[in-house]
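Close look at the chain arrangement
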Amino acid sequence: MPDEVVIGLIGTRTREPDAAGGFLLDGFPRTVPQAVALDALLSTRGQALDAVLTLEVSKDLLMERAVLRRTDKRTGQIYHLKYKPPPPDAELEHRADDQESVVKNRLETYERMTTELLPTTRSAGYSAASTG
């Protein structure tokens, strides 16, 4: 989805009454242009981000969690071959976007984008917390 659309959705959604006291953005922004657009949106309202939270998870664990995920074609139920094994009668499907090469590419792309973004958020004065 184009950044302009996402920013528009965030702008609309964060004007709702339940967001008046604050809101949490999960997984956004992911790029410097998204962060700049979010900052511009918030500044038009006299608002700013209070903090940026970074969760650091090993690449091996992320790969395992995605690559071992399966979906039952009949029920749509999602299983994990290690953490939540399917019942014997499940008709399992391995989604194309959970294939090892696709997940690896997705993680590399995410890492590249956030590597550029994190220094920007720190230099903007946002307090940053990291957990591993």
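The coordinates are above.
Residues numbered from 1 in each chain as written. Predicted model: local features only at pLDDT ≥ 70, side-chain atom pairs only at ≥ 80, totals over all residues. Heavy atoms only, no water.

Next up on the list: the sheet that holds strand β2 (residues 69-72). In spatial order, the strands read β3-β2-β4; together these three strands make up an open sheet with antiparallel pairing. Edge positions in the sheet fall to β3 (78-80) and β4 (92-93), since each has one partner strand and no second. Taken together, the three bridges between β2 and β3 define a ladder with antiparallel strand orientation. Residue pairing for β3: arginine 70 is matched across the bridge by tyrosine 79. (Pairing = 2+ DSSP bridges. Helix = DSSP H or I, 4+ residues; strand = E, 2+ residues; numbered from the N terminus.)

Our focus in this paragraph is the pattern of salt bridges. In the structure shown here, the tally under the stated rule is nine salt bridges. The partner of aspartate 89 in a salt bridge is arginine 74, and the shortest N-O contact between them spans 4.0 Å. You can see aspartate 89 sitting in the loop between β3 and β4 and its partner arginine 74 sitting in the loop between β2 and β3, a full 15 residues away along the chain. According to the relative accessible area criterion, aspartate 89 is exposed, its value standing at 53%. Each of Arg69, Arg95, Asp97 and Asp98 takes part in a single network of salt bridges with overlapping partners. (Salt bridge = Lys/Arg side-chain N within 4 Å of Asp/Glu carboxyl O. Buried < 20%, exposed > 50% of the residue type's maximum accessible area, 1.4 Å probe, protein only.)

A separate point is the nonpolar core. Core analysis: the biggest nonpolar cluster contains seven residues, these being Val6, Ile7, Ile10, Phe28, Leu38, Leu41 and Leu42. Elements with a minimum of two residues in this core: α1 (3-13) and α2 (32-44). Residue contacts for leucine 38: discarding those within four places in its chain leaves Ile7, Ile10, Leu25, Phe28, Pro29 and Leu49. Met63, Val67, Val103 and Leu107 belong to the second largest nonpolar core, which has five residues in total. (Core = buried A, V, L, I, M, F, W, Y, C linked by side-chain atoms within 4.5 Å. Contact = heavy atoms within 4.5 Å.)

As a further point, take the packing of α1 against α2. With their axes 10 Å apart at the nearest point, α1 and α2 run at an angle of 35 degrees to one another. The way α1 lies across α2 gives a crossing that is right-handed. Residues Asp3, Ile7, Ile10 and Gly11 of α1 pack against Pro33, Gln34, Ala37, Leu38 and Leu41 of α2. Tallied by class, the residues present in the contact of α1 with α2 amount to six nonpolar, two polar and one charged. (Axes fitted to C-alpha atoms, helices over the stretch in contact; angles between N-to-C directions. Left-handed = near helix turned anticlockwise from the far one by under 90°. Nonpolar A, V, L, I, M, F, W, Y, C, P; charged D, E, K, R; others polar.)

The set of residues buried in α1 consists of Val6, Ile7, Ile10 and Gly11. Projected down its long axis, α1 carries its buried residues within an arc of 135 degrees, all on one side. Opposite the buried face of α1, by more than 90 degrees, sit the exposed residues Glu4, Leu9 and Thr12. Packed against the buried residues of α1 are α2. (Arc of directions from axis to C-beta.)

Checked against the element boundaries, aspartate 98 lands in the loop between β4 and α4 (100-123). Look past the residues within four positions of aspartate 98 in its chain and what remains in contact with it is Ala66, Val67, Arg69, Val103 and Arg106.

Glancing now at the environment of leucine 81. Relative to the helices and strands, leucine 81 is located in the loop between β3 and β4. Residues leucine 81 and arginine 65, spaced 16 residues apart in sequence, show a C-alpha to C-alpha distance of 9.2 Å. Ignoring sequence-local partners within four residues, the contact set of leucine 81 consists of Leu68, Arg70, Pro86 and Leu92.

The subject of this paragraph is a nonpolar patch on the surface. A contiguous nonpolar patch, built from Leu53, Leu55, Val57, Leu61, Leu62 and Tyr83 and spanning about 560 Å² of accessible area, is present on the exposed surface. For the nonpolar patch, the secondary-structure elements that each account for two or more residues are β1 (51-55) and α3 (59-67). Relative to the helices and strands, leucine 61 resides in helix α3. Residue class for leucine 61 comes out partly exposed when judged on its relative accessible area of 33%. (Patch = residues over 30% accessible without salt bridge, like charges linked within 9 Å, V, L, I, M, F, W, Y side chains within 5 Å. Areas by Shrake-Rupley, 256 points an atom, 1.4 Å probe, with all protein chains shown as cover.)

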